[in-house]
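Observations on the three-dimensional arrangement
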Amino acid sequence: MAAFGVESTDLSSLTINGIAVSENIADVQWDVYKKNPSFVDKSTKAAEYRYYEDFLVVYESDGAIIKLKTLSEHGIMSQAGDELTVLNEVESKLGDQYKVQSYDSAQGLKARAYYDKENRIKASFVYPKNAPDDKIVWSIVERY
């Protein structure tokens, strides 16, 4: 069934640095990840934001992870163990049922967005729109 103008894609096996949005923070071994001194963790009424060396994790008060985002090229988005670092790999693993969206026009960034309607997960792969290669700048997986 089409969600957001595209067919649903199974995103349940997507992870960032081995962590999935279906997990609870209590189930993750945080001692294997280094904190990022360049960012300050923050709390809002709705969520907690924690910055690690190569990724961001956002979770609700009950510990449910709602968003993961790579912060550097060393932050790893993977699908069933296969790393996704360029758009061709993403399309090879996830298919062509994505929507191209503007991500940050001031920086010249676009994103390919995939939707998993059954699990209510969105995955975005951000890339420079005028770059000659298909290198991914950031990867984001989140609940919607």
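Our structure is the block above this text.
Described below are features of the structure shown in this document. (Residues numbered from 1 in each chain as written. Predicted model: local features only at pLDDT ≥ 70, side-chain atom pairs only at ≥ 80, totals over all residues. Heavy atoms only, no water.)

A look at the overall build of the chain
A tally of helices and strands in the chain yields 1 helix and 13 strands. Secondary structure elements in the chain, listed N-terminal to C-terminal, are β-β-β-β-β-β-β-β-β-α-β-β-β-β. The C-alpha radius of gyration of the chain comes to 15 Å, within 12% of the 15 Å expected for a compact globule of 144 residues. If you line up the chain on its principal axes, its C-alpha atoms span 35 × 35 × 30 Å. Split into buried and exposed, the 144 residues of the chain put 42% on the buried side. Contacts in the chain between residues at least 24 apart in sequence constitute 47% of all its contacts with a sequence separation of at least 6. Taken as two groups, the 17 positive and 23 negative side-chain charges of the chain have centres that lie 8 Å from each other. (Helix = DSSP H or I, 4+ residues; strand = E, 2+ residues; numbered from the N terminus. Rg over C-alpha atoms; globule rule 2.2 N^0.38 Å. Buried < 20%, exposed > 50% of the residue type's maximum accessible area, 1.4 Å probe, protein only. Contact = heavy atoms within 4.5 Å. Lys, Arg positive; Asp, Glu negative; His and termini not counted. Charge placed at Lys NZ, Arg CZ, Asp CG, Glu CD.)

Considering the sheet that holds strand β12 (residues 121-128)
Strands belonging to one sheet form pairs held by backbone hydrogen bonds; the direction of such a pair is parallel or antiparallel. Reading across the sheet, the 8 strands line up as β4-β5-β6-β7-β13-β12-β11-β10 and stay open at both edges, with antiparallel pairing between neighbours. A single partner strand is all that each edge strand has here, and the edge strands are β4 (42-43) and β10 (99-104). In the sheet, strand β5 (residues 48-51) pairs with strand β6 (residues 55-59) via 4 bridges, with the strands oriented antiparallel. Paired with Arg50 across the bridge in β6 is Val57. (Pairing = 2+ DSSP bridges.)

Side note on the environment of Lys34
Checked against the element boundaries, Lys34 lands in the loop between β3 (14-16) and β4. Residue Lys34 is classed as exposed on the basis of its relative accessible area, which comes to 55%. With residues near it in sequence (within four places) discarded, Lys34 still touches Tyr52 and Glu53.

Regarding the nonpolar core
In summary, soluble globular proteins display a tendency toward joint burial of nonpolar side chains. Counting residues in each nonpolar core, the largest one holds 25 residues, and the members touching the most others are Ile65, Leu68, Phe125 and Val141. Of all the elements in the fold, those that place two or more residues in this core are β3, β6, β7 (65-70), α1 (87-94) and β12. Ranked by the residues each element gives to this core, the list is headed by β12, at 4 residues. Residues in contact with Phe125, not counting those within four places in the same chain, are Met77, Leu84, Leu87, Val90, Leu94, Lys110, Ala111, Arg112, Tyr114, Ile136, Trp138 and Ser139. With 5 residues, the next largest nonpolar core counts Ala111, Val126, Trp138 and Ile140 among its residues. (Core = buried A, V, L, I, M, F, W, Y, C linked by side-chain atoms within 4.5 Å.)

Concerning unusual backbone geometry
You will see that Asn17, though not glycine, has its phi angle at about 50°, which is positive. Structurally, Asn17 can be placed in the loop between β3 and β4. One non-glycine residue, Ala80, lies in the positive phi region at around 55°. Of note, Ala80 is situated in the loop between β8 (77-79) and β9 (82-83).

So, empty space enclosed by the protein
Tallied over the full model, the rule gives 2 cavities of 30 Å³ or more. Broken down by class, the residue content of the lining of the largest cavity amounts to 5 nonpolar, 5 polar and 2 charged. In this structure, the second largest cavity occupies an estimated 40 Å³ of space. Broken down by class, the residue content of the lining of the second largest cavity amounts to 6 nonpolar, 2 polar and no charged. (1 Å grid on protein atoms, 1.4 Å probe; cavity = no way out; pocket = protein on both sides within 12 Å on 5 of 7 lines; lining within 4 Å. Points joined across faces, edges and corners; volume = space filled by probe spheres on them. Nonpolar A, V, L, I, M, F, W, Y, C, P; charged D, E, K, R; others polar.)

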